[in-house]
Amino acid sequence: MYSQERVISGTVVSEDSSPLPGVNVLIKNTTKGVLTDFDGKYSISAKIGDVLIFSYLGMTTREITVGDSASIDVTLKAENNLLDEVVVVAYGTTTLRESTGSISSVKADDILNESPVVSVQNSLQGNVSGIQVGSTSGQPGSFPSVRLRGVGSINATSNPLYIIDGVPVVAGDQSNFTTSTSNVLSTLNPNDIESMTVLKDAASASLYGARAANGVIVITTKKGKQGKTVFEFKSSYGESDVAFRNSDREMVDGDTYRDLTRESIYNLFHYVQGNDVATSNEQADFYLEQLFPVPEGGYTNWKDVLFRKGSIKSHQFSARGGDEKTRFFASLSAHDEEAIVYESDFIRYTINSNIDHKANNNISFGLNTTLGFTKQNSVPDQGLYYANPYTAYLISYNPTDPTRNSLGELLPSIQNQYPNPEKERGLTEQSSKQIRFSATPYLQVKFTDWLTFKTTNSWAYYFNTDNLYWGPTSNDGSSFNGYAYRAHNTISTLTTSNTLNFVKTFNDVHNLNVMAGFEVSKTEYDDFSADVQNFPNAVLKDFTTAAEELDTDTNFQEDKLISYISRAQYNYNNKYFLSGSLRYDGSSRMSEDNRYGTFWSVSGGWVITEDLFKENTFIDYLKLRGSYGTSATYPNSFTGALPLYAFSASYNDQTAAFPSQLANPNLTWETNKNFDIGLEFELLNKKVSGSLEYYNRFTEDLLQDVPILTTTGFSTILQNVGEMSNKGFELSITTNNIDKDNFKWTTTITGATNKNVIEKLYDGDDIQLFPHILREGESRYTFYLREAKGVNSETGQWEWYKNTTNSDGDIISGRETTSVSGEAESTIVGKWDPDFYGGIRNNLKYKDFDLSFLFNYNIGGQTYDSYAYYLNNDGSFPFQGIPKGQTDRWQQPGDVAANPMRVFNNSSSSNFQSSRRLHDATYLRLKDITIGYNLPKKILEQTGVFSNVRLSLNGTNLVTWAKDKSYDPESQVGGATGTSIPYTKTYTFNVQLQF
């Protein structure tokens, strides 16, 4: 009976339940075998006891013994061989084994699949070593500041270059508002991304030449796969709230506010004016009731008035499949998010389509198209008292300020000076709409097995509309009888990239890959803005209904770049590697005599374990690599080298022209010289893998405003005179802690250091950019302030160190202190740069359950509280709220306190700029956590519809441990923290269906 053959059938799928066509199914120790069909199905005649071998490129081979069942379904797992994983790099692909550059690649499904991020840059923090992502605002759709291996410029950009599907794209904040930000990349659906690769050194990034000095982030969108069409629907619902609660910026309640205010009045009469205790108490009681009575309706909780719970709704539908000839991926998505403050929300709709077709063995072509629309309603993100809800909460109102009268009607103003935010709600509007469309067709012709030509052409169109409206009855609009501002800006980019690749192996050991090509891009910027006033009523808001036009402004600019590129890569038997690249850029931003620049790199690698440690059971793989090369950063201005005239003046009722900019023919790019050396390793039978590297990034020809003779009509001119360096180490380690059939656990740790130093400034002179100072030998973000000593425990006065200097800048006052702010000189008191930063990610899977969580950490460095003048005012502004941090104060001689004696209308200047405003930036944050469950296949088979059903819960920024609790320590680059809308934490429930 056991020798009798019968038909065994089944389906072979991947871990995500996608069918795998072309899987080799072989009976062990025989030549008998079959291939799975288009739907991953197979059938083969075999006997009980035979062993079936299932093998597929890139997947782990499985062996299964035939038993009583005639049906055997198999799930193949991806091989855990990161060295042979293909990653997208500049103008091509490579594997980690072959790469001689510093690259970090992350799969989007691992970090984006269930996190409700709007801006994809945020997902890189903690997952990639050496990258810093700073929060600019908690409003959805805002632009995060991104720095890779430090800050590379003073006056030009320090943002990395973004590449989407091989084409450089416009990124950043393109809105016309100065009090809030938008983000071009927020038009991209994160669920459409396949992978992101970060290019850090010259070997990996120099092929992008004049735009690559700050690193390159390569985004690859999802493509079709051969096999049965897989439909997928994802839906998410969630809510958001302030991420960092119970900080020192939380306002005290009404009773505490009155207690502190009474104390400040008492201190004024007793300690400052010298009245006796009884008189001081009497005056304190009198003025407290006169100025700050308990409201009839109870205290006002301004947090409830100004803030709310945010909400998140996101839906996506996609289809993915193809055959041997044609593969496709298409998706639709909608994302709707309400912020934690009123009148701030974000909506996004996207359509994406990627099609690849193989006409024959020699010709293939495809088309990638994306269309994204966003609408962002926002509130001012800095200052402006009541218009920014967070500013209003912090410095404008106090708990004894009612918002309604005894009849329950909204009061027109608070304290008879500030508008009532509840009454103002809906009377003003601030919004931005973005449309981004891109079409990227490509054609690839394979002339021979070793010679291939590829042309990639792209048109990207970006349109942004900003609208600002102040109704006639609003506080801001009342003086204009209604005011409106509108701005349109379009960015149109045409790019063509053409490369010829020669790939050939000689004598089985000499592997050569040579690429040559050219690239041309032209970007047009067309801007228009206008504003009007005097509307007939609060209903008619269109420009045509306004009685008076105020101003109209237009601007058109072009930015052109032509590039010639080449790269040669050689390796001997996958053991020794050598690579070199060359790029020749010509930019329209430079003068005709200084238009072209050459950027290059050389790099090499040695797989040490191919020659040494062959018998070593501890070291599985060890590779040494190094690189050196150049890249650059553009000047920000498109016309910085040209003499310009402005036509904004008039003479005798005629338009008049006047010089607005001097010719600057020597203006050129900032050049980055980058050295990198790294060690990649796998240990203990691949249970531990990672890399350790050192980099030295030196930037010369930094742009700086240099003084010139005022007889020219100008005081400064931009010149390439400065130098800056960034040096540091990066570490990335992944450990396979447990690898069982039913339980798996991996951990990845990233960490980095960076030392930023300004090496050279014009004439060696300091430049003060409050609160920072630019000084040779110091960091770009060095804080230059009065040095605070703290509270005098006997007098309760705030004191500073004098730090008096002589003409040479040397301190001659020792550690002498003063309670008079004007007697203290500013000195270097700290810097923003952290000592060490990175992330810790864990992924666990038990049967059909999985858990992943990421911690971000920052050790060292300082942040600066830009609004401490108001928040740590010690009674100087008695009618505003009081933050909890002010409760730790001096009350009597001998007290050791963080804050001085609180005095009503305090005039001691204790809140003036000093190191009192600096706070330790050390923190640990639970950045992302996901708990998921995949329905068992037995249940799915019973439905006859679904191939996968997944349920998950996700949280972001749920818990933060901070060394200093003054405010959220995760600040923007540079460390200055103002009153932008706070960073948020989110909770989302996700459903994913595949069929």
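Bear in mind that the values here come from a model prediction, so they are computed numbers and not experimental data.

Let us now look at the packing of aromatic side chains. Following the criterion strictly, the structure yields 45 aromatic pairs and no others. Between the aromatic rings of F853 and F855, the centroid separation amounts to 5.9 Å while the plane-to-plane angle is 85°, which identifies the pairing as edge-to-face. Relative to F912, the ring of Y869 has its centre 6.1 Å away and its plane inclined at 40°; by these criteria the two rings are tilted. Within this pair, whereas Y869 is found in helix α8 (residues 868–871), its partner F912 is found in the loop between α8 and β48 (918–920), the two being separated by 43 residues in sequence. Looking at Y869, the relative accessible area reads 30%, which means it is partly exposed. Among the residues examined, F912 registers a relative accessible area of 34% and is labelled partly exposed. Between K623 and the ring centre of F577, over which it is positioned, the NZ or CZ distance is 5.3 Å.

Further remarks concern a positive patch on the surface. Side chains of R62, K77, K845 and K937 sit close together on the surface and give a patch of like positive charge. With respect to the helices and strands, K845 occurs in strand β45 (residues 836–846).

Okay, the environment of T350 next. Relative to the elements of secondary structure, T350 occurs in strand β20 (residues 345–358). Here T350 falls in the buried class, since its relative accessible area comes to 4%. In the structure, T350 is positioned 103 residues away from F453 in sequence and 32 Å away in space, judged by C-alpha atoms. Those residues within four positions of T350 in sequence are excluded, and the remaining contacts are T187, N189, D192, S331, L332, S333, L371 and G372. Among the polar contacts listed, one links the side chain of T350 to the side chain of S333, at a separation of 2.3 Å.

Attention now goes to the pattern of salt bridges. Under the definition given, this model contains 42 salt bridges. Note that R925 and E970 form a salt bridge whose closest N and O atoms lie 2.6 Å from each other. Taken together, the positions of R925 in strand β49 (residues 923–934) and E970 in the loop between β51 (960–962) and β52 (976–977) put the pair 45 residues apart, joining distant regions of the chain. Side by side, R925 and E970 carry an identical accessibility label, which is buried. Residues E970 and K927 are paired through a salt bridge, measuring 3.0 Å at the closest nitrogen-oxygen approach. On the criterion of sequence distance, the pair formed by E970 in the loop between β51 and β52 and K927 in strand β49 is long-range, its members being 43 residues apart. Both residues of the pair, E970 and K927, count as buried. When salt bridges with common partners are traced through the structure, they connect R149, K200, R625, D676, E680, E693 and E730 into a single cluster.

This part takes up the sheet that holds strand β2 (residues 24–27). Strand order across the open sheet formed by 4 strands is β3-β2-β5-β6, with antiparallel pairing between neighbours. A single partner strand is all that each edge strand has here, and the edge strands are β3 (33–35) and β6 (62–65). Each adjacent strand pair in this sheet contributes to an overall mean axis angle of 20°, direction not counted. Taken together, the 4 bridges between β2 and strand β5 (residues 51–55) define a ladder with antiparallel strand orientation. Bridge assignment links L26 to a residue of β5, and that residue is I53.

Attention now goes to the packing of helix α3 (residues 254–272) against helix α4 (residues 277–291). Two elements in contact, α3 and α4, have axes whose closest approach is 8 Å; the angle formed by their N-to-C orientations is 135°. Taken together, α3 and α4 sit at an angle that is classed as oblique. In this structure, α3 meets α4 at a crossing whose hand is right-handed. Residue-level inspection shows R258, T261, R262, I265, Y266, F269 and H270 of α3 in contact with α4, the latter providing V277, S280, N281, Q283, A284, D285, Y287, L288 and E289. Of the residues that constitute the contact of α3 with α4, the class distribution is 7 nonpolar, 5 polar and 4 charged.

Basis of the calculations
Residues numbered from 1 in each chain as written. Predicted model: local features only at pLDDT ≥ 70, side-chain atom pairs only at ≥ 80, totals over all residues. Heavy atoms only, no water. Phe/Tyr/Trp six-rings, centres within 6.5 Å; stacked < 30°, edge-to-face > 60°. Helix = DSSP H or I, 4+ residues; strand = E, 2+ residues; numbered from the N terminus. Buried < 20%, exposed > 50% of the residue type's maximum accessible area, 1.4 Å probe, protein only. Lys NZ or Arg CZ within 6 Å of the ring centre and 35° of its normal. Patch = residues over 30% accessible without salt bridge, like charges linked within 9 Å, V, L, I, M, F, W, Y side chains within 5 Å. Areas by Shrake-Rupley, 256 points an atom, 1.4 Å probe, with all protein chains shown as cover. Salt bridge = Lys/Arg side-chain N within 4 Å of Asp/Glu carboxyl O. Lys, Arg positive; Asp, Glu negative; His and termini not counted. Charge placed at Lys NZ, Arg CZ, Asp CG, Glu CD. Contact = heavy atoms within 4.5 Å. Polar contact = N/O pair within 3.5 Å; in protein donor to acceptor, adjacent residues only side chain to side chain. Pairing = 2+ DSSP bridges. Axes fitted to C-alpha atoms, helices over the stretch in contact; angles between N-to-C directions. Parallel < 35°, antiparallel > 145°, perpendicular 65-115°, else oblique. Left-handed = near helix turned anticlockwise from the far one by under 90°. Nonpolar A, V, L, I, M, F, W, Y, C, P; charged D, E, K, R; others polar.

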